[in-house]
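# Summary of the model geometry
Chain residues, written in single-letter form:
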Amino acid sequence: MNLAAFPLARGWRTGTIAPVKSAPLGFFDSGVGGLTVVRAVQELLPHEDILYLGDTARLPYGSKSPETIRQFADEDTQFLVSRGVKAIVVACNTATAHALPSLREKYRLPIIGVIEPGVDAALENPQVERIGIIATRGTIRSHAYQHALALRRTGLIIHGQATPLLVPLIEENWMDHPATSVVLKEYLDPLVEKGIDTLMLACTHYPLLIPVLRDLLPPEVRLVDSATTCAEHLRRELVRLDLLAAGDHDGTLEVHLTDLSDEFETLARRFLKRAPGRIHRAVLGGHNKVLS
Ligand code: DGL
């Protein structure tokens, strides 16, 4: 395989180590929200083995500084690389927003973020004019979505809305709780008033809010989430790079978290919509080991 043939923008650097199709895909997120992306990938690519790292000891990333997010994302990536993954999915919007370019610069394997696929999916509709983005403070402040959208199409009207209360509400399983509707209305009303035609759910937790968002938003507003759009993009990239796993076995999932608690296990089940199997504890930052 001639690695020099792959463009830098897709996450490749020229190098000598060719990834192996049978190696697992690596995913990381600040916590278990990235499992919404894993679920979408399992549905689309059922033969892929998946190694998932959730940095539960240090979440949330959404309120941290860009430097800290970049350092954490680097340590997450090192952990996955040390375990021989063939490609990495940054299943966290905040980490994608702040760290994707530096990770692609440093590591010699394909690294896919959640922003490009979401932006491409939002712009598939040529009629799109007014786009709302809901995300963590870190993602909104990075302007990564705003820049990516504006680069691809001129004349868009883009409104970013930080929605920091949504992750805790989702983690409490309060999707149907009246408090969540009140908070969402507060966040969404300014976007609806501006006449958005598309709402980007720019956080990997937010696919769990789709039913309540559908109830609260005018029916013509199109929702674009990070999970399904990233899964489709990943499939295209694996085909393009000739890295798709052979269809001879059911894909496995191994979940590693930097902090283990019963709550995370329950949450993981909710995000995956099935039992995550045995969860391992990972230690990052030079150690890169699995404790149990
Ligand atoms: N999963 C993160 C994201 O997609 C949100 C949670 C956090 O703030 O760490 O931005």
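Residues numbered from 1 in each chain as written. Predicted model: local features only at pLDDT ≥ 70, side-chain atom pairs only at ≥ 80, totals over all residues. Heavy atoms only, no water.

Looking only at helices and strands, the chain features eleven helices and eleven strands. The C-alpha atoms of the chain give 18 Å as radius of gyration, which agrees with the globular expectation for 292 residues (19 Å, within 12%). If you line up the chain on its principal axes, its C-alpha atoms span 50 × 45 × 40 Å. The 292 residues of the chain split such that 53% are buried. Sequence separation of at least 24 residues holds for 74% of the intrachain contacts in the chain that already meet a minimum separation of 6. Roughly 12800 Å² of accessible area belongs to the chain as shown, and the carbon and sulfur atoms make up 52% of that amount. For the chain, the separation between the mean place of its 31 positive charges and that of its 34 negative charges on side chains is 4 Å. (Helix = DSSP H or I, 4+ residues; strand = E, 2+ residues; numbered from the N terminus. Rg over C-alpha atoms; globule rule 2.2 N^0.38 Å. Buried < 20%, exposed > 50% of the residue type's maximum accessible area, 1.4 Å probe, protein only. Contact = heavy atoms within 4.5 Å. Areas by Shrake-Rupley, 256 points an atom, 1.4 Å probe, with all protein chains shown as cover. Lys, Arg positive; Asp, Glu negative; His and termini not counted. Charge placed at Lys NZ, Arg CZ, Asp CG, Glu CD.)

The next subject is a negative patch on the surface. Taken together, the side chains of Glu172, Asp262, Glu263 and Glu265 make up a negatively charged region of the molecular surface. Of note, Glu263 is situated in helix α11 (residues 262-272). On the accessibility criterion, Glu263 (56% relative accessible area) is exposed. (Patch = residues over 30% accessible without salt bridge, like charges linked within 9 Å, V, L, I, M, F, W, Y side chains within 5 Å. Salt bridge = Lys/Arg side-chain N within 4 Å of Asp/Glu carboxyl O.)

Attention now moves to the pattern of salt bridges. Close approach of charged atoms allows side chains with opposite charge to pair. Tallying each qualifying case throughout the model produces twelve salt bridges. When the shortest N-O distance is used, the salt bridge between Lys21 and Asp242 registers 3.1 Å. With Lys21 in the segment before β1 (25-29) and Asp242 in the loop between α10 (226-240) and β9 (253-257), this residue pair connects regions lying 221 residues apart in the sequence. Judged by relative accessible area, Asp242 falls into the partly exposed class, the value being 45%. Among the salt bridges present, the one from Glu75 reaches Arg58, with a minimum N-O distance of 2.8 Å. Taken together, the positions of Glu75 in helix α2 (residues 66-82) and Arg58 in the loop between β2 (50-54) and α2 put the pair 17 residues apart, joining distant regions of the chain.

So, on to the environment of Asp248. Inspection of the secondary structure assignment puts Asp248 in the loop between α10 and β9. The exposure class assigned to Asp248 is exposed, which follows from its relative accessible area of 63%. Residues Asp248 and Val221, 27 residues apart in the sequence, show an inter-C-alpha distance of 41 Å.

A separate point is the site of the ligand. In the vicinity of the ligand, the contacting residues are Asp29, Ser30, Pro60, Tyr61, Gly62, Cys92, Asn93, Thr94, Thr136, Cys203, Thr204 and His205. One of the backbone N or O atoms of Gly62 is found 2.9 Å from an oxygen atom in the ligand. Look at the ligand: alone it shows 300 Å² of surface, and the protein chains cover 97% of it. Taken together, the residues of the shell around the ligand break down into four nonpolar, seven polar and one charged. (Near = heavy atom within 4 Å. Polar contact = N/O pair within 3.5 Å; in protein donor to acceptor, adjacent residues only side chain to side chain. Nonpolar A, V, L, I, M, F, W, Y, C, P; charged D, E, K, R; others polar.)

Turning our attention to the packing of helix α1 (residues 35-44) against α11. Interaxial distance between α1 and α11 falls to 8 Å at its minimum, and their mutual angle equals 40 degrees. Taken together, the axes of α1 and α11 are oblique relative to one another. Here α1 and α11 pass one another in a crossing that is right-handed. Across the interface between the two elements, Leu35, Thr36, Val38, Arg39 and Gln42 of α1 pack against Ala268, Phe271 and Leu272 of α11. Of the residues contributing to the contact of α1 with α11, the split by class is five nonpolar, two polar and one charged. (Axes fitted to C-alpha atoms, helices over the stretch in contact; angles between N-to-C directions. Parallel < 35°, antiparallel > 145°, perpendicular 65-115°, else oblique. Left-handed = near helix turned anticlockwise from the far one by under 90°.)

Take it as geometry only, folks, not as evidence of what the structure does.
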